[in-house]
Amino acid sequence: MNQTLTIAFDGKRAANNRTGLGNYSRHIIGLLAKFFPSNRYVIFLTKPNKNEQLRKILEQNPKIEIVLPKSGIWKKLSSLWRVFGISKEIAEYENLIYHGLSNELPLTIKKTNAKSIVTIHDLIFLKFPKYYNFFDRKIYAYKFRMACENADKIIAVSECTKRDIVEIFKISSDKIKVIYQGCDRVFKTEISDDVLRSVKRKYNLPDKFLLNVGSIEERKNAVLIVKALPYLKEKLPLVIVGKRTKYTLEIERAAENLGVNNLLHIFDRVPFEDLAPIYHLAEVFIYPSRYEGFGIPIIEAINCGVPVVAATGSCLEEAGGPDCQYVNPDDETALATAIEKFLYDKEFCKKSVEQSKKYVQRFSEDNQAKQLMECYQLI
């Protein structure tokens, strides 16, 4: 376990995505640099980094190397460099392990001497094709399948995702290791009353509110929460934090048709540092997504001490554990009942939060770092 490794990462998402795959990529890079500082770490970027969160990781770990396209042609065609041209730079390293953090590997990875691992987050585009356009589905299917076939090892972020990889791509289960995602340590840190008051004032948040966090898209199913609002005895506001999309209009129309548009508050582009305080201020966190690869917002909410109601049908029970509540993603009355159970049964709510916090300890940083390193050392 003491062997020094050279581990390289595809840094596209770490540098370019503010949430989701970007958070996962930055989390893994920072995690390994923290727990195994003796290793050599390399990040392949298509362009100089402008991401503030990644910049902080690099400042804390100045030994991490950044590799950019060297030739003029690949600088101009940087997206293609990730797919084809990058193999020349990879080949310059001896005994390199290349980790594709976001479902992809260079198509030319087999032309190098590097070992490779790919993290597959989900195959939702194949399980629910209606949420994706035809060309995106075809491109994703090709890239993901080739990554799974070419990789020496596959990391799946849940047992649900592992089953999908085996079923759809016909990959041997022995090649796949489930390593659950964790969440940023900021969600496990106490927050002062001054900070809570400041964030509440900044967004003019209600004194009591329900919360949903995540990209605002049809699959995430936030409209179910809006439909549940009229069934609640107490007309609690709903705060949605996420990037606005066309689906946002559907949510707003539903709220207007049901006469609850005055209860709906949608916040786009919320800075990362404000997320944990918003979680702490919420009464109940609701995640009614129809399908997820894992469900990090559930873990974030639990670590912030907020009770969780999520949807059945994918992997959310894996994320939240047995003491959260789960409802059918099409049953707004069941959702309203679950919300009120937390609101009015204080003993039940307290026990749910306490037991859920114990459950999510399995997603701790040290567990994740240890499992990742074991995976690297076995290929």
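As shown above, the structure is provided for reference.
The shown structure was predicted, so the numbers you read here are calculated from the model rather than taken from an experiment. (Residues numbered from 1 in each chain as written. Predicted model: local features only at pLDDT ≥ 70, side-chain atom pairs only at ≥ 80, totals over all residues. Heavy atoms only, no water.)

Quick notes on the packing of aromatic side chains
All told, the structure shown has 22 aromatic pairs when counted by the stated rule. Relative to Phe-135, the ring of Phe-134 lies with its centre 5.4 Å away and its plane at 80°, an arrangement referred to as edge-to-face. Of the residues examined, Phe-134 reaches a relative accessible area of 44% and is grouped as partly exposed. Arranged with centres 5.9 Å apart and planes meeting at 75°, the rings of Tyr-359 and Phe-363 form a pair that is edge-to-face. Ring pairs connect the aromatic residues Phe-187, Phe-272, Tyr-279, Phe-285 and Tyr-287, which therefore count as one cluster. (Phe/Tyr/Trp six-rings, centres within 6.5 Å; stacked < 30°, edge-to-face > 60°. Buried < 20%, exposed > 50% of the residue type's maximum accessible area, 1.4 Å probe, protein only.)

A look at the environment of Val-223
By the element assignment, Val-223 lies in helix 10 (residues 223–228). For the pair Val-223 and Glu-250, spaced 27 residues apart in sequence, the C-alpha separation works out to 7.5 Å. With residues near it in sequence (within four places) discarded, Val-223 still touches Tyr-247, Glu-250, Ile-251 and Ala-254. (Helix = DSSP H or I, 4+ residues; strand = E, 2+ residues; numbered from the N terminus. Contact = heavy atoms within 4.5 Å.)

Considering the packing of helix 2 (residues 21–35) against helix 17 (residues 365–378)
Across the interface, helix 2 lies against helix 17 with an axial gap of 10 Å and an inter-helix angle of 85°. Classed by the angle they form, the pair helix 2 and helix 17 counts as roughly perpendicular. Counting all contacts with helix 2, which are made through Tyr-24, His-27, Ile-28, Leu-31, Leu-32, Lys-34 and Phe-35, the residues of helix 17 involved are Glu-365, Asp-366, Gln-368, Ala-369, Leu-372, Met-373 and Tyr-376. Here the contact of helix 2 with helix 17 is composed, by residue class, of nine nonpolar, two polar and three charged. (Axes fitted to C-alpha atoms, helices over the stretch in contact; angles between N-to-C directions. Parallel < 35°, antiparallel > 145°, perpendicular 65-115°, else oblique. Nonpolar A, V, L, I, M, F, W, Y, C, P; charged D, E, K, R; others polar.)

Some thoughts on the packing of helix 7 (residues 134–150) against helix 8 (residues 159–169)
Direction vectors running N to C along helix 7 and helix 8 enclose 100°, while the axes themselves pass 12 Å from each other. Relative to helix 8, helix 7 is oriented roughly perpendicular. Facing Ala-141, Phe-144, Arg-145 and Cys-148 of helix 7, the residues of helix 8 in contact are Ile-165, Ile-168 and Phe-169. Of the residues contributing to the contact of helix 7 with helix 8, the split by class is six nonpolar, no polar and one charged.

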